[in-house]
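# What the coordinates show
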Amino acid sequence: MDNIYMICEVGQAHEGSITLAHAYIDAVAKSGIDAMKFQVHIAEAESGPYDSFRQVFPFADTTRMAYWKRMEFTKAQWAELKQHCEYHGLDFIASPFSIAAVDLLTEIGVSRFKIGSGETENLLMLDKIGAIAKEVIVSSGMSTFYELDETIACLKKYSCALSILQCTTAYPTDPSQWGLNVIEELKKRYQLPTGFSDHSGGLFACLAAATLGARLLEFHVTFDKRMLSPDASSSLEVDEVFKLVEGVRAIEHALNNPVDKSDNSAFRILKAQFGKSLVVNKFMQKGQLICMDDLESKKPAGLGIPPNDYSQVLGRVLTQDAQQWDFITENHF
């Protein structure tokens with residue numbers, strides 16, 4: 001991860017439409033992101049009659065089970081989405097929510113997995129994924145450090161590349177909930193590439209996280225925040241994705257090019273242009289003493305005594321006349 005790795009998550013923003021899912025890939029493919037992420041739900045393996053809604057939408061699905069059923073795609077459709085991402089040079093990342101979903105993803109050749117916040121304590125799934133994955137990204141949204149210790153210890157048994165994201169499970173997250181301080185705490189605690197998973201619905205959180213050293217950024221996308229979707233208000237619209245990538249890449253470039261404030265040689269000409277030299281603000285005769293009220297400073301530098309040395313001029317006697325606004329040099333004394 002030489003560059004900040006940027007993951008654009010579709011999640012359930014496709015609303016069960018395979019056409020819409022493909023449309024999201026095309027919409028953001030040229031934004032400069034690195035990966036697209038989807039959530040793989042298999043209703044019968046994941047849900048049941050006791051599964052309650054996080055957010056209820058009137059006139060939509062009557063049960064949570066029905067909602068997950070509507071979010072399903074076939075194995076062939078998932079393979080096509082993966083192929084579509086790869087056509088654009090994007091990594092395909094998936095969050096499975098059941099062992100059945102892990103098996104489906106394995107069958108279509110997925111090697112990059114994201115562990116959603118609700119699955120970090122699911123050791124059954126973690127062991128399954130750890131044994132087959134090349135890369136695993138862990139989201140910390142609902143976990144304490146002590147719970148994450150067990151999650152990371154479980155996955156470190158395997159040879160997969162591992163990274164972790166600071167995340168707050170609130171939709172949308174208020175700035176007081178972003179937990180930007182946790183990025184550094186996670187980095188120190190686990191010695192892993194650390195990033196930030198955003199649900200704020202704006203640009204600022206990811207930009208702040210990038211500045212604070214996040215190596216991965218994940219954010220949701222939607223075509224319109226007014227869509228009937230549980231994550232719409234927590235997502236970026238397509239144009240905002242392009243703007244975010246532009247901002248993150250600028251921050252990344254700045255962080256990779258630190259400025260040396262001990263060396264200002266590059267400003268030599270500008271310093272002369274903006275700098276000043278001492279002048280007298282009135283006509284003064286030979287033999288007069290210079291006092292503070294006689295002095296002014298005018299551009300450019302280098303034509304007279306520097307204004308920071310003015311105290312060395314005070315009380316000295318002119319050995320020649322000086323016209324108003326003449327630059328004062330040592331030749332005047």
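Here we summarise the structure given alongside this text. For clarity, every value in this text was computed on a predicted model and none was experimentally measured.

Ranked by internal contacts, the top residues of the largest apolar core, which has 65 residues, are Met-36, Phe-38 and Leu-217. Take this core: its biggest share by element is six residues, from helix 10 (residues 238-255). In contact with Met-36, other than residues within four places in its own chain, are Cys-8, Val-10, Tyr-24, Ile-25, Val-28, Cys-85, Leu-90, Asp-91, Phe-92 and Ile-93. Counting residues in hydrophobic clusters, the runner-up holds eleven residues, among them Met-284, Ile-305, Val-313 and Ile-328.

What follows concerns the pairing of strand 4 (residues 112-115). By the bridge criterion, four bridges tie strand 4 to strand 5 (residues 135-139) in an arrangement that is parallel. In the sheet register, Arg-112 faces strand 5, and the bridge partner there is Glu-135. Following the backbone out of strand 4, through helix 6 (residues 123-132) and into the adjacent parallel strand 5, one traces a crossover that is right-handed.

Okay, the pairing of strand 10 (residues 277-280) next. Here strand 10 shows no split at all, with Ser-277 and Val-279 on one side and Leu-278 and Val-280 on the other all buried. Pairing between strand 10 and strand 11 (residues 295-298): four bridges, direction antiparallel. Paired with Val-280 across the two strands is Leu-295, which belongs to strand 11.

Let us now look at a nonpolar patch on the surface. Together, Phe-267, Leu-270 and Phe-274 make up a nonpolar patch on the protein surface, roughly 330 Å² of accessible area in all. Locating Phe-274 in the fold gives a position in helix 11 (residues 268-274). Looking at Phe-274, the relative accessible area reads 59%, which means it is exposed.

With that settled, consider the packing of aromatic side chains. A complete count under the given rule lists six aromatic pairs for this structure. Pairing Trp-78 with Phe-92 gives two aromatic rings, centres 6.5 Å apart and planes at 70°, and the pair type is edge-to-face. With Trp-78 in helix 4 (residues 75-87) and Phe-92 in strand 3 (residues 91-96), this residue pair connects regions lying 14 residues apart in the sequence. We note that Trp-78, like Phe-92, is buried. In this structure an aromatic cluster arises from ring pairing among Phe-38, Phe-73, Trp-78 and Phe-92.

Our focus in this paragraph is the packing of helix 6 against helix 7 (residues 145-155). Close contact between helix 6 and helix 7 brings their axes to 9 Å; oriented N to C, the two are set at 30°. One element, helix 6, and the other, helix 7, form an angle in the roughly parallel class. Of the two possible hands of crossing, helix 6 and helix 7 adopt the one that is right-handed. Every residue of helix 7 that contacts helix 6 at Leu-123, Leu-126, Asp-127 and Gly-130 is listed here: Glu-150, Thr-151, Cys-154 and Leu-155. For the contact of helix 6 with helix 7, the class distribution of residues is four nonpolar, two polar and two charged.

A few words on unusual backbone geometry. A cis amide bond, omega -10°, links Tyr-171 with the succeeding residue Pro-172. Here Pro-172 lies in the loop between strand 6 (161-167) and helix 8 (181-190). The backbone of Gln-191 shows a phi angle near 55°, a positive value even though the residue is not glycine. Considering the arrangement of structural elements, one finds Gln-191 in the loop between helix 8 and strand 7 (194-198). Using a relative accessible area of 64% as the deciding quantity, one classes Gln-191 as exposed. Here the phi dihedral of Trp-325 falls at roughly 75°; this positive angle occurs in a residue that is not glycine.

Parameters at a glance
Numbers given to residues run from 1 along each chain, matching the order in which its sequence is written. Confidence filtering applies because this is a predicted model: local features only for residues at pLDDT of at least 70, side-chain atom pairs given and counted only at 80 or more, and all residues used for totals across whole chains, interfaces and linings. Only hydrogens and water are removed before side-chain values are computed, so all heavy atoms of the structure are retained for them. Only buried Ala, Val, Leu, Ile, Met, Phe, Trp, Tyr and Cys residues count toward a nonpolar core, and they belong to the same one when joined by side-chain atoms within 4.5 Å. Here the term buried applies to any residue with accessible area under 20% of the maximum for its type, exposed to any over 50%, and partly exposed to those in between, with areas from a 1.4 Å probe on protein chains only. What counts as a helix is a DSSP run of H or I of at least four residues, what counts as a strand is a run of E of at least two, and both are numbered from the N terminus. Here a residue-residue contact requires only that any non-hydrogen atoms of the pair lie within 4.5 Å. Note on pairing: DSSP must find at least two bridges between two strands before they are called paired. By the criterion used throughout, a crossover qualifies as right-handed when its path from the first strand across the helix to the second strand runs clockwise, the strands pointing away from the viewer. Exposure above 30% relative accessible area and the absence of a salt bridge qualify a residue for a patch, where like charges join within 9 Å and nonpolar side chains (Val, Leu, Ile, Met, Phe, Trp, Tyr) within 5 Å. Throughout, the Shrake-Rupley method with a 1.4 Å probe supplies accessible areas, and for residues the shown protein chains are the sole cover considered. The salt bridge criterion pairs a side-chain nitrogen of Lys or Arg with a carboxyl oxygen of Asp or Glu, the two atoms within 4 Å. In summary, the pairing rule links any two rings of Phe, Tyr or Trp, Trp by its six-membered ring, whose centres are within 6.5 Å, and it sorts them by plane angle into stacked for under 30 degrees, edge-to-face for over 60 and tilted for everything else. Throughout, an axis means a line fitted to C-alpha atoms (over the contacting stretch in the case of helices), and angles, computed between N-to-C directions, take values from 0 to 180 degrees. Between 65 and 115 degrees an angle is taken as roughly perpendicular, under 35 as roughly parallel, over 145 as roughly antiparallel, and anywhere else as oblique. In a left-handed crossing the near helix is turned counterclockwise from the far helix by less than a right angle, and in a right-handed crossing that turn is clockwise. Here the nonpolar group is Ala, Val, Leu, Ile, Met, Phe, Trp, Tyr, Cys and Pro; Asp, Glu, Lys and Arg are the charged ones; every other residue, Gly included, is treated as polar.

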